[in-house]
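Architecture and fold: a report
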Amino acid sequence: MHPRVCVSAISSYRNSLSEDLAFWDRHGIDQVGVSVAKLEAHGWDDGVARIDAAIAGGLRVGNLIGLGPFRLAEPQQWQTQRARLLRSIDAASRFGAGCLVFTTGPATPLSWEDAADALEAALTPVLEVARAANVAFAIEHTNSLRVDVGFVHSLHDVVDIARRLDTGVCLEINACWAERGLAHTIAGSRDRIRLVQVSDFRVGTLATPDRLVPGDGDIPIRRILTDLLASGYEGLFDLELVGPRIEEEGYAAAVPRAIDVLGALLTDLGA
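Here is a short report on the structure shown in this document. Every value quoted in this text rests on a predicted model; they were computed, and no experiment measured them.

So, the pattern of salt bridges
Scanning all chains against the criterion turns up 19 salt bridges. As a salt-bridge pair, aspartate 166 and arginine 131 come within 4.0 Å of each other at their nearest N and O atoms. Of this pair, aspartate 166 sits in the loop between helix 6 (155-165) and strand 6 (168-172) while arginine 131 sits in helix 5 (residues 112-132), and the two are 35 residues apart along the sequence. Since its relative accessible area comes to 45%, aspartate 166 is described here as partly exposed. Put simply, Arg131, Arg163, Asp166, Asp191 and Arg192 are held in one network by salt bridges that share partners.

In structure tokens form, the structure reads like this:
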């Protein structure tokens, strides 16, 4: 694998943690994004021990993902949601993960501005712990169809939120590739981007998520990666492949193919 390619556990969405570990080993995948949801489904303590053992064998954890969103309009639930994040921060520190990826949660029935205020109030205690543990916190913007998981739907807006909360950003190419002024936003966000998620999309697709292996769709991935590298971005490129066409091709075919395509592109771009 190219040293800057990472494979998210979302790319083998239906696998259990045990199946992911076997899959990564079988295909020589040595840098991954670990799913918090899969750790929980497996059994937290044993799941953490399994990842520890894999790290001892050479696996690198690029990020933790799958934290689940806050219910921003329901502050009575925040303490439970904070506890889940705090446990994940501890795991990220233990694994040496590059960042913890977080989606904001839905705004409904709050206005965008009130949701941003609620997010700040909800996350402030957690962010203090993350900073003390030296764990980078990366807020991800989401597809505008996915209002169930987030209310921030552009890279420009998530950078604003990140500056306000003093966090990082997870740039999701599939959710921002057609934005106005994308290259300008990237150039001005060098200090905030902690992770870049990569997949492709075919124009005419009317459902989400329905992603493709890079190069199989219409996203100008080469141009966007060129802009990121020119901005000075030095982090990982995280393959997050999910949807019916990935399931149809099968993880054993789609994921290694994506690793090869993305790795070759990064090599060609001098990364």
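Here we look at the layout of surface pockets
By volume, the largest pocket amounts to about 690 Å³. Lining the largest pocket we find 27 residues, and of these Ile10, Tyr13, Arg146, Val149 and Glu240 sit closest to its centre. At the level of secondary structure, the elements contributing two or more residues to the lining of the largest pocket comprise helix 2 (36-42) and strand 4 (99-103). No other element matches strand 4, which puts three residues into the lining of the largest pocket.

Some remarks on the packing of aromatic side chains
Within the structure shown, the criterion is met by five aromatic pairs. Ring centres of tryptophan 112 and phenylalanine 151 lie 5.3 Å apart, and the angle between their planes is 75°; this geometry places the pair in the edge-to-face category. Linking tryptophan 112 in helix 5 with phenylalanine 151 in the loop between strand 5 (137-140) and helix 6, this pair joins segments that are 39 residues apart in sequence. Residues tyrosine 233 and phenylalanine 237 carry aromatic rings whose centres are separated by 5.4 Å and whose planes lie at 85° to one another, so their mutual orientation is edge-to-face. For the residue pair tyrosine 233 and phenylalanine 237, the accessibility class agrees, reading buried in each case. Among the aromatic side chains, those forming a connected cluster through ring pairs are Phe70, Phe102 and Phe137. A cation over a ring is seen here: arginine 87 above tryptophan 44, with NZ or CZ 4.1 Å from the ring centre.

What counts, and where the lines are drawn
- Residues numbered from 1 in each chain as written.
- Predicted model: local features only at pLDDT ≥ 70, side-chain atom pairs only at ≥ 80, totals over all residues.
- Heavy atoms only, no water.
- Salt bridge = Lys/Arg side-chain N within 4 Å of Asp/Glu carboxyl O.
- Helix = DSSP H or I, 4+ residues; strand = E, 2+ residues; numbered from the N terminus.
- Buried < 20%, exposed > 50% of the residue type's maximum accessible area, 1.4 Å probe, protein only.
- 1 Å grid on protein atoms, 1.4 Å probe; cavity = no way out; pocket = protein on both sides within 12 Å on 5 of 7 lines; lining within 4 Å.
- Points joined across faces, edges and corners; volume = space filled by probe spheres on them.
- Phe/Tyr/Trp six-rings, centres within 6.5 Å; stacked < 30°, edge-to-face > 60°.
- Lys NZ or Arg CZ within 6 Å of the ring centre and 35° of its normal.

Keep in mind these numbers describe shape, not what the thing actually does.
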